[in-house]
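Spelled out from the first residue to the last, the chains are:
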Amino acid sequence: MHNLSDGQLKLTYHRVAENRGVLTNVVNNALMEAYTSLNTEDCEYYKPLLYLPTGIVYLTLCNAPVISTEDLPDRVVHKIKEFCGGQLIKRQTGFGRDGKGMKYAEYYDKFFDDIGLMRVALKATLRILKSGKSSVAKSRSGNLVKFQQQGVLSTDYSFSFSDDIRIDQIAEFGDVISRKIWGEKINKIEEARKESKKNKKELPSLPDFDLVREVAQFWNLEESLPPIREIQKINDTLKELKLKGNTGGVPYEWYYLAAKYLEHHPEIENVEEVCESVINHLAKLISPIVEQYKLPDGWDDLRLWVQRVVILPGKEKQQDIDSTKVFLDELERYQLAKKFGRGRQLICSVSHSAYTVTEQMESAVLFTPQVYTNKQMLGGSNAKRNISSIAGIEMMLRQILMNQTQAVGKRFEDGKYRYLYFYPTYYCTPETNKFLQWAYTSIAQTRFNASIRNHFIHDDLQADFGRQRYQSVDTFLIDEDLERKKDLPENHPERKQDRTFKLSYPEDQPLTFYFMALPPGLDPTDTESWVMPSWLAFCFSDDFGC
């Protein structure tokens, strides 16, 4: 290269030490932007020449400026927020509802502040509890009346109200913003205060702020506060009276407050504007409180991981790593995960990562959290596996950028989706990458049908499985006009639904690691769910050289 260019050109690169999947794609793109951002209108210092799954080779001018490594972690964080933020607002992926109310994946805290998350939660609540859905307000009322009959609630108030989906909407929204969003923020502030005491830099105490009370006063329903306080103490009163039972986590106070509000405003048809006004009111109250505390944004582990796995020319990681120490550290973490009592340490069930580890939540993963793993303590009562922050970010990216349904956890796993990976052998040029991107986005046929069968088996029932037949089967697998057909009305004869789960990636952002999830047919067996992905893996390796 030096001789051919008369000493003006050279090759350089970046490399990522681990291949996580979507996260590795994001890191590759962030690094590529760091290089190409140094180009000017007059001079192209860096030009991507070869794409690898874990890096890129660049054609570079010998006098090209060196990229700054200080902002690389923040570039990766910004890239993830750029890709995922809009998708979360649009689709509210990771939100669901169970018997205890609305729930959402923990990663939402990484993308939104409290008020922004409240607005997303409102969209999710109105989507899940849309008009026409059955209300449970009457059953909530019935339970409150039973508590009243037991003497747990006083007879001075009426707890009777009928089914009304508007009550459910307001109540579930109120619960998610008070118990989940604001409740989690209080927990984080208290943790920060404990740490500050250890460092002898005590943070200010939290003011007396009851979100339910504030909303009741905002709605001019102060007369509802005494019965609400009684409802909030139901579990304690049951214990005092030595009665069995509890509220089971149901937000009865919000159902009561919502019913009272609609009793005073029966003309309201759409509660969205009402809830928006609550968010705007709370923003004025919450913001001054939160500003007193500097809390971590949740991305510190990722920033540290980027610093460790990104390898640049002249900054290769030290090769004299003490493998014995690495093994002993890993063994110690494993042993601490099996330890009873104090000193027990959580360990990632996915990647053995040494980063922050938490329980896998149903709303944040695409598989069942409650399955056996030898990394979990035997004989313990907790069946949930654990996941590190880095593996959790990979799950998050797949859930947000790939999942076309709202199914998570067991519901997603029960669909028996199988992943097909496009892994270019050794490297691919930008032109080859464009071809792979086109093939990836155009794959439409994911099940065997008569056209594919007839392609290999002639009318005289003679089969031809020669290479030429396989290399021409893409006619039946790939639809070059798929994007247009997907946007057609449902009743249009040419409309086509893409049932594959592919990465929602901008076209100007090259992928270095392509993969998709293939759905099987209705009520498939495990064998049936594997047939088509296995056959496609065989075909594409022959056709595309993947």
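Not measured: the values here are computed from a predicted model. (Residues numbered from 1 in each chain as written. Predicted model: local features only at pLDDT ≥ 70, side-chain atom pairs only at ≥ 80, totals over all residues. Heavy atoms only, no water.)

A. Region of interest: the overall build of the protein. Assigned secondary structure in the protein consists of 21 helices and ten strands. In terms of principal-axis extent, the alpha carbons of the protein reach across some 90 × 70 × 55 Å. For the protein, the residues scored as buried account for 46% of the 546 residues in total. The contacts in the protein between residues at least 6 apart in sequence include a share of 75% that link residues at least 24 apart. Within the structure as shown, the protein displays about 28,900 Å² of accessible surface, and the carbon and sulfur contribution to it stands at 50%. (Helix = DSSP H or I, 4+ residues; strand = E, 2+ residues; numbered from the N terminus. Buried < 20%, exposed > 50% of the residue type's maximum accessible area, 1.4 Å probe, protein only. Contact = heavy atoms within 4.5 Å. Areas by Shrake-Rupley, 256 points an atom, 1.4 Å probe, with all protein chains shown as cover.)

B. Expanded view of the side chain of threonine 125. Its place among the elements puts threonine 125 in helix H4 (residues 114-128). The exposure class of threonine 125 is buried, given its relative accessible area of 0%. Within the structure, the side chain of threonine 125 is placed 2.7 Å from the backbone oxygen of alanine 121, a separation counted as a polar contact. The residues touching threonine 125, leaving out its near neighbours within four places in the chain, are Met102, Gln169, Glu172 and Phe173. (Polar contact = N/O pair within 3.5 Å; in protein donor to acceptor, adjacent residues only side chain to side chain.)

C. View of unusual backbone geometry. In this structure, aspartate 6 takes a positive phi of about 60° despite not being glycine. Within the element layout of this structure, aspartate 6 appears in the segment before strand E1 (9-16). With a phi angle near 60°, asparagine 220 is a residue other than glycine that sits in the positive phi range. Positionally, asparagine 220 belongs in the loop between helix H7 (211-218) and helix H8 (225-232).

D. Summary view of the nonpolar core. By size, the foremost hydrophobic cluster in this structure holds 132 residues, and its most contacted members are Ile80, Phe95, Tyr108, Leu302, Leu397 and Trp535. Counting residues in hydrophobic clusters, the runner-up holds five residues, among them Val357, Ile387, Ala391 and Met395. (Core = buried A, V, L, I, M, F, W, Y, C linked by side-chain atoms within 4.5 Å.)

E. Region of interest: H7. Here H7 has its buried residues at Leu211, Val212, Glu214, Val215 and Ala216. Buried residues along H7 sit in contact with helix H6 (165-198), H8, helix H10 (252-264) and helix H11 (272-290). N-cap assignment for H7: the residue whose side-chain oxygen lies 3.0 Å from the backbone N of valine 212 is aspartate 210. The positive-phi residue at the C-terminal boundary of H7 is asparagine 220, with phi of around 60°.

The values are spatial; any link to function lies outside them.
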